[in-house]
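Examining the three-dimensional arrangement
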Amino acid sequence: MKLISTAIFLLFLSGCSSVQPISFSPSQDYSVSVGSSLFDAVRIDVNDTSFFREGKALGFIRIEPVPEGFGSAEAFLNELKLSSESASTNTTPLNLPSGFTGFAAKNRNYVTGYLFSETHSDSILIFSFPEGDFDEIVKTVSAGI
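A brief structural summary. (Residues numbered from 1 in each chain as written. Predicted model: local features only at pLDDT ≥ 70, side-chain atom pairs only at ≥ 80, totals over all residues. Heavy atoms only, no water.)

**As for the nonpolar core**
Short version of the rule: Put simply, buried Ala, Val, Leu, Ile, Met, Phe, Trp, Tyr and Cys residues joined by side-chain atoms within 4.5 Å make one nonpolar core. Only protein chains enter the accessibility calculation, which uses a 1.4 Å probe; a residue whose area is less than 20% of its type maximum is buried, one above 50% is exposed, and one in between is partly exposed. Strands are runs of DSSP state E lasting at least two residues, helices are runs of H or I lasting at least four, and both sets are numbered from the N terminus onward. The contact definition used throughout considers only heavy atoms, calling two residues in contact when any of these lie within 4.5 Å.
In terms of nonpolar packing, the biggest core is built from 33 residues, with Val34, Ile61, Leu115, Phe127 and Phe129 touching the most fellow members. When residues of this core are traced back to their parent elements, those giving at least two are β2 (30–35), β5 (56–65), α2 (73–84), β7 (100–107), β8 (110–117), β9 (123–130) and α3 (131–138). Considering each element in turn, this core owes the most residues, five residues, to β9. In this view, Phe129 contacts Val34, Phe51, Leu58, Gly59, Phe60, Ile61, Asn109, Tyr110, Val111, Phe134 and Ile137; residues no more than four positions away in its chain are not counted.

Pasting the structure below:
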């Protein structure tokens, strides 16, 4: 009886566990949340946060300053979009909160999002994750903390 009670209790606990999103704010302009179940390690570099699961690269979040040759983040984003489009890569507009503009490029099973904040347009946010995970992550884009 004690064994059955323990088994039921453990099943109840496993059913109640939740995946907590963890917010990453690589700059004051951007924040993105990634579900804690997607990764087990993170590497943080100057403008880049890389996610790993079981030792394999899963995705990244990166801030890219707008190069001096471009007059605006929008011009830089348009250039990136033209460069991304090919026979094997489709680009689509991102459905983002007000104040953000961007697009996604799908290549194989990964989707990479390119976007900028209309109020702080000196850099763009680039993030890439597997297709199924990307859709959940893009919904979390917001101003940084």
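**Remarks on the pairing of β9**
The cut-off we apply is this: Whether two strands pair comes down to DSSP finding at least two bridges between them.
Within β9, eight of the eight residues are buried, leaving the element largely enclosed by the surrounding structure. The sheet contact formed by β5 and β9 spans six bridges and is antiparallel. Opposite Glu64, over in β9, you have Ile124 as the bridge partner. Relative to β9, β8 runs antiparallel, the two sharing six bridges. When the bridges of β9 are listed, Thr112 appears paired with Ser128. Following β8, the chain reverses through five residues before pairing antiparallel with β9.

**Looking at the sheet that holds strand β4 (residues 48–53)**
Defined as follows: Between N-to-C directions, angles span 0 to 180 degrees; the directions come from axes that are lines fitted to C-alpha atoms, helices contributing only their stretch in contact.
Judged by pairing direction, the sheet is antiparallel, and its seven strands sit side by side in the order β3-β4-β5-β9-β8-β7-β6 without closing on themselves. For this open sheet the edge positions go to β3 (41–44) and β6 (90–93), each flanked by a neighbour on one side alone. Strand-to-strand twist across the sheet, computed as the mean angle between neighbouring axes with direction ignored, equals 15 degrees. Examined bridge by bridge, β7 and β8 share eight bridges and lie antiparallel to one another. Looking at β8, one finds that Thr101 is bridged to Phe116.

**Digging into the packing of aromatic side chains**
What counts here: Each pair of aromatic rings taken from Phe, Tyr and Trp, with Trp reduced to its six-membered ring, is defined by centres within 6.5 Å and is described as stacked if the planes are under 30 degrees apart, edge-to-face if over 60, and tilted in the remaining cases. Here, a charge over a ring is recorded when the distance from Lys NZ or Arg CZ to the ring centre is within 6 Å and its angle to the ring normal is within 35 degrees.
Going through the model one piece at a time under the given rule, you end up with eight aromatic pairs. Ring centres 4.9 Å apart and planes at 90 degrees place the aromatic pair Phe24 and Phe51 in the edge-to-face group. Taken as a pair, Phe24 in strand β1 (residues 21–27) and Phe51 in strand β4 lie far apart in primary sequence, 27 residues in all. You can call Phe24 buried: its relative accessible area is 15%. Ring geometry for Phe51 and Phe129: centres 5.4 Å apart, planes at 50 degrees, overall tilted. Of this pair, Phe51 sits in strand β4 while Phe129 sits in strand β9, and the two are 78 residues apart along the sequence. Since its relative accessible area comes to 0%, Phe51 is described here as buried. Residue classification places Phe129 among the buried positions, given a relative accessible area of 0%. Through a chain of ring-to-ring contacts, three or more aromatic side chains come together here, namely Phe24, Phe39, Phe51 and Phe129. Residue placement shows Arg62 over the ring face of Phe60; its charged tip is 4.2 Å from the ring centre.

**Some details on α2**
One turn of the α-helix equals 3.6 residues, which is why residues spaced by three or four share an orientation. Keep this limit in mind: Take the number of residues in a helix, subtract one, and multiply by 1.5 Å to get its expected span. The arc in question is the one traced by the directions running from the helix axis out to the C-beta atoms.
Along its 12 residues, α2 runs 16 Å from first to last C-alpha, staying within 8% of the 16 Å computed at 1.5 Å per residue. Taken residue by residue, α2 has Ala73, Phe76, Leu77 and Ser84 as its buried positions. Here the buried residues of α2 occupy an arc of 100 degrees about the axis, which is enough to place them on one side. Close packing links the buried residues of α2 with β5, β6, β7, β8 and β9.

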